[in-house]
Amino acid sequence: MEVQGHFITFEGGEGAGKTTVIELVKERLTSIGHSVLVTREPGGIQIAEKIRQVILDPAHTEMEERTEALLYAAARRQHLIQKVIPALKQNQIVLCDRFIDSSLAYQGYARGIGMEEVYNINQFAIAGCMPALTLFFDIAPEKGLQRIHNNEAREKNRLDLETLSFHEKVYEGYQMLLEQYPKRIQQVNADQSLEEVLEETCNYIISYLNKGGGLR
Ligand code: TMP
């Protein structure tokens with residue numbers, strides 16, 4: 001599935017701040033004349049938001065890890081077909097909060113299914129439609145978790161309730177992905193002020209756009 005346009009994904013552990021930054025990046029890019037769509041996974045459209053509720057419901061403690069991986073992949077496909085690809089076809093910049101790398105780090109590595117197996121079921125879902133640029137928001141898992149626990153307004157989901165050692169494995173999984181995809185995945189230091197994180201993120205995106213989106 002070859003698509004035009006600029007598909008950019010935001011990745012990281014819990015409390016890395018990517019959801020806040022993504023909206024500010026949209027404002028910045030829009031102000032310089034780009035047409036931008038912000039969306040998220042799992043979710044972004046009705047069917048995928050419903051799958052999200054099933055996956056993240058803290059009551060679903062019996063969910064088996066492959067079931068979890070398949071549900072993320074199913075939500076991913078529907079969201080890609082119904083929202084991401086149509087926007088890319090209209091030449092929009094799509095900023096997506098999480099995509100395949102989340103499944104590789106969380107289900108593949110931290111849950112222990114294996115990155116390759118999870119990659120394979122995801123290829124069935126995305127049929128080669130990979131992001132051109134991925135920004136990994138780097139923060140120590142302990143700090144990230146501290147941030148979300150201090151944020152009373154944030155609803156705690158089933159994965160937030162996992163142990164620190166699970167989130168440390170997620171972090172390790174992302175480190176492996178950084179090594180595997182050094183061109184596609186760029187690392188943003190998320191342990192700085194919001195202004196600094198925004199600046200670093202925009203610099204990567206603007207330099208990618210100036211190169212004509214040639215990072216792949
Ligand atoms: P969010 O908190 O960024 O909205 O993401 C919801 C949770 O789902 C978060 O704990 C990360 C997790 N997740 C996976 O485990 N695998 C995936 O493929 C995706 C997209 C998210």
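The text that follows walks through the structure, step by step, so that each part is easy to find. (Residues numbered from 1 in each chain as written. Predicted model: local features only at pLDDT ≥ 70, side-chain atom pairs only at ≥ 80, totals over all residues. Heavy atoms only, no water.)

A closer look at the overall build of the protein chain
When its secondary structure is counted, the protein chain shows 8 helices and 5 strands. Mapped from its N terminus to its C terminus, the protein chain presents α and β elements in the order β-α-β-α-α-β-α-α-β-α-α-β-α. Its C-alpha radius of gyration of 16 Å places the protein chain within 12% of the 17 Å reference for a compact globule of 216 residues. When its C-alpha atoms are laid out on the principal axes, the protein chain stretches across 45 × 40 × 30 Å. In the protein chain, buried positions account for 50% of the 216 residues. Taking as baseline every contact in the protein chain between residues at least 6 positions apart, the subset at least 24 positions apart corresponds to 78%. Roughly 10,400 Å² of accessible area belongs to the protein chain as shown, and the carbon and sulfur atoms make up 50% of that amount. Here the protein chain contributes 23 positive and 30 negative side-chain charges, whose respective centroids are spaced 6 Å apart. (Helix = DSSP H or I, 4+ residues; strand = E, 2+ residues; numbered from the N terminus. Rg over C-alpha atoms; globule rule 2.2 N^0.38 Å. Buried < 20%, exposed > 50% of the residue type's maximum accessible area, 1.4 Å probe, protein only. Contact = heavy atoms within 4.5 Å. Areas by Shrake-Rupley, 256 points an atom, 1.4 Å probe, with all protein chains shown as cover. Lys, Arg positive; Asp, Glu negative; His and termini not counted. Charge placed at Lys NZ, Arg CZ, Asp CG, Glu CD.)

Some details on the nonpolar core
Judged by nonpolar contacts, the single largest core of 40 residues is most densely connected at F7, L80 and L177. Elements that contribute at least two residues to this core include exactly α2 (46-56), α3 (65-89), β3 (93-97), α4 (100-110), α5 (115-126) and α7 (164-180). The biggest single contributor to this core is α3, with 9 residues. Ignoring any residue separated from it by four or fewer positions in sequence, one finds F7 in contact with L80, V84, L88, V94, C96, F99, C129, M130, P131, A132 and L133. Among the nonpolar cores identified, the runner-up in size contains 24 residues, and V25, V38, F137 and V197 belong to it. (Core = buried A, V, L, I, M, F, W, Y, C linked by side-chain atoms within 4.5 Å.)

A short note on α7
Between its first and last C-alpha atoms α7 spans 25 Å; for 17 residues at 1.5 Å apiece the expected length is 24 Å, and the two agree. Within α7, burial applies to F166, H167, V170, G173, Y174, L177 and L178. Viewed end-on, α7 has its buried residues packed into an arc of 145°, placing them on one side of the element. Considering only its buried residues, α7 is in contact with β1 (6-12), α4, α5, β4 (133-138), α6 (141-150) and β5 (185-189). (Expected span 1.5 Å × (residues − 1). Arc of directions from axis to C-beta.)

Regarding empty space enclosed by the protein
A complete count under the given rule lists 2 cavities of 30 Å³ or more for this structure. Here the largest cavity is characterised by a volume of approximately 100 Å³. Taken together, 13 residues form the lining of the largest cavity, with G13, E14, I139, P141 and H167 sitting closest to its centre. Broken down by secondary-structure element, the contributors of at least two residues to the lining of the largest cavity are β4, α6 and α7. (1 Å grid on protein atoms, 1.4 Å probe; cavity = no way out; pocket = protein on both sides within 12 Å on 5 of 7 lines; lining within 4 Å. Points joined across faces, edges and corners; volume = space filled by probe spheres on them.)

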